Amino acid sequence: MILITNTLIDGLKERIANAVSTNQSTGIIIPSNNYSDLICSLFEYMDTKPDAIWVYLTITKPFESLFDDYSNLINNQNIIFIDCISHAAGISKEKSNCIYIESPSQLESILLEIMNSYKNTDDKKNKYLIIDSLSSLVIYNDAPLVTEFFTHLINRTRLSDITTISLTIEEELNDNIRKILYLKSDKIIKLKESFI
Amino acid sequence: MEEDGALIINEKSNYKKMEGDSMKENGKCKTGIDELDRKLDGGIPKGNAVLMVGSSGSGKTTLCMQYLINGAEMGERGVFFTITEPLFKLTKNIENFGFYKKKYVEDGLVNIIDLRIISERLGLNSEKYNVEDASALLEVLKDIADELEVKRLVIDSITALCYRLQSDEMIRDFIFKLGSSLAGMGCTTILTSEIPPTKPGELKYSKYGIEEFIADGIIFLGDVNRRGDIIRTLQIIKMRGTSHSRTKSAMNISSKNGIELTPLLKSGE
Ligand SMILES: Nc1ncnc2c1ncn2[C@@H]1O[C@H](COP(=O)(O)OP(=O)(O)O)[C@@H](O)[C@H]1O
Ligand SMILES: [Mg+2]
């Protein structure tokens, strides 16, 4: 059982590594059942590049619970977390390397904080952004707004040479978001449940 | 003869003012808030008096403070006349922001002056001014600005000042006198104007309806409602002496960076 899980996570990690190495904007579509496997493999992938500048945007889970088992990631000063849901959920514990956004509907603030995070960082280092997840934003915002947000975001990250990994949960996907994800990604990784 | 002398002094001080850091760029006074300066095609035209309009809590005081601190960073002296908030409260709030640098206040590059204390010293009734009181206060204001040779001046708020005047006529008179005083001082001024939360179709930029006539520019701090969440906005309504953007920007206030602007997503308006 453990062996199977490890193989799955390793496989995912490799697919992510391959996609990210040659594409500036990667979209991932994942069934909700496999969400935690994907997160595991993403974290492991992040751990292979501890010197890069990482920005991790979470709209799915509060920062605290998301990284519970990954203290090495939490303590890596090269990783900046942007948490959009702790405040709205009334969780008030604050960590220094995490930026808290009042609510996932403050899309402009999210854009601002993402781009601010890369300011004053070493220009020679590789820069990455993980959006976890694009489809969750639609729970809190109208789809056309999220589309516009994502368009601005990818335009800006491309200009600043930031590699993006945009997660979407299949069950949350609607036509608008699917379309913009395909439009703005250089590569789409699609996981089917049959993959397991 | 006396007038001649005054004129020369004035010219000299204007000449000096031209050398300030933010003036190098085609006569603009940089606010130091990047996106705002971009929207203003470089900054507020030097010597303009700008009305900063918004309801309570919209960020007027914070923005004005940031404008002065950023000015100090560029070597420009500024003065902040407060009448809405007592000095200690103002300082306490502003100390929470990353942009605040105590050094500039200590070095006299940013001067914060409580107008209520001034009027007390002048022996004025601090709640109600008559014509003479208002002129006396205006004189003192002007003297302070001249003596400190400030390039940036803030009055927070013009609404609270007018509130202490007893008739519409006095308010009108005061506003126009203030306007011509400011024009003579050559510094770039922000006057804050506090308005009640606006109802659609009923937008006013000032409580008394005349403050905007002496203003060379109007900047409006408002908000848009997005599914019950409030997004702060900033819009330049007018600005003499420069081309400028008229689109609404989203405005963020954070302890770390103070006020920051970013384009407002249009589907959300
Ligand atoms: N340290 C801070 N960090 C983030 N936001 C703040 C901070 N201090 C104040 N604010 C926000 O700024 C608002 C007040 O802005 P202020 O400049 O005093 O408004 P105004 O002068 O228009 O009444 C507050 O309502 C609050 O939402
Ligand atoms: Mg105020």
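Our subject is the structure that appears above.
Chemist: What am I meant to see in the packing of helix 7 (residues 143-159) of chain A against helix 8 (residues 175-184) of chain A here?
Modeler: The relative placement of two packed helices is expressed as an angle between their axes plus a distance between the axes. Residue and element names in this part refer to chain A. Closest axis-to-axis distance for the helix 7/helix 8 pair is 9 Å, and the angle between their directions is 15 degrees. If you check the angle between helix 7 and helix 8, you find them roughly parallel. Helix 8 is crossed by helix 7, and the crossing has right-handed handedness. Contact residues: Ala143, Val146, Thr147, Phe150, Thr151, Ile154, Asn155 and Arg158 in helix 7; Asn176, Ile177, Ile180, Leu181 and Lys184 in helix 8.

Chemist: Sorry if this is basic, but what is going on with the sheet that holds strand 11 (residues 258-263) of chain B here?
Modeler: To summarise the sheet geometry, strands pair through backbone hydrogen bonds and adopt either a parallel or an antiparallel arrangement. All names here are of chain B. If you walk across this open sheet you meet the 9 strands as 5-4-6-7-3-8-9-10-11, and the pairing is mixed. Two strands bound the open sheet, and with one partner strand each, they are strand 5 (110-114) and strand 11. Across the sheet, the mean angle separating the axes of adjacent strands is 25 degrees when strand polarity is ignored. Docked against the sheet, helix 7 (residues 131-148) engages strand 4 (78-82), strand 5 and strand 6 (152-156), running at close to 160 degrees with respect to strand 4.

Chemist: Would you mind going over unusual backbone geometry with me for this structure?
Modeler: Where the residue is not glycine, phi is negative for most of them; where a peptide bond is considered, it is trans in most cases. Cis geometry is found at the peptide bond from A:Asp132 to A:Ser133, where omega equals -5 degrees. Mapped onto the fold, A:Ser133 is located in the loop between strand 5 (127-132) and helix 6 (134-140). Backbone torsion omega between B:Asp156 and B:Ser157 reads 5 degrees, so that peptide bond is classified as cis. Structurally, B:Ser157 can be placed in the loop between strand 6 and helix 8 (158-163). Although it is not a glycine, A:Asn120 adopts a positive phi angle of roughly 60 degrees. Take A:Asn120: it is sitting in the loop between helix 5 (107-117) and strand 5. In this model, B:Arg227 sits at a positive phi of 50 degrees, which is unusual for a non-glycine residue. Assignment of secondary structure puts B:Arg227 in the loop between strand 8 (217-226) and strand 9 (229-239).

Cut-off values and rules
- Residues numbered from 1 in each chain as written.
- Chains lettered and ligands numbered in written order.
- Predicted model: local features only at pLDDT ≥ 70, side-chain atom pairs only at ≥ 80, totals over all residues.
- Heavy atoms only, no water.
- Axes fitted to C-alpha atoms, helices over the stretch in contact; angles between N-to-C directions.
- Helix = DSSP H or I, 4+ residues; strand = E, 2+ residues; numbered from the N terminus.
- Parallel < 35°, antiparallel > 145°, perpendicular 65-115°, else oblique.
- Left-handed = near helix turned anticlockwise from the far one by under 90°.
- Contact = heavy atoms within 4.5 Å.
- Pairing = 2+ DSSP bridges.

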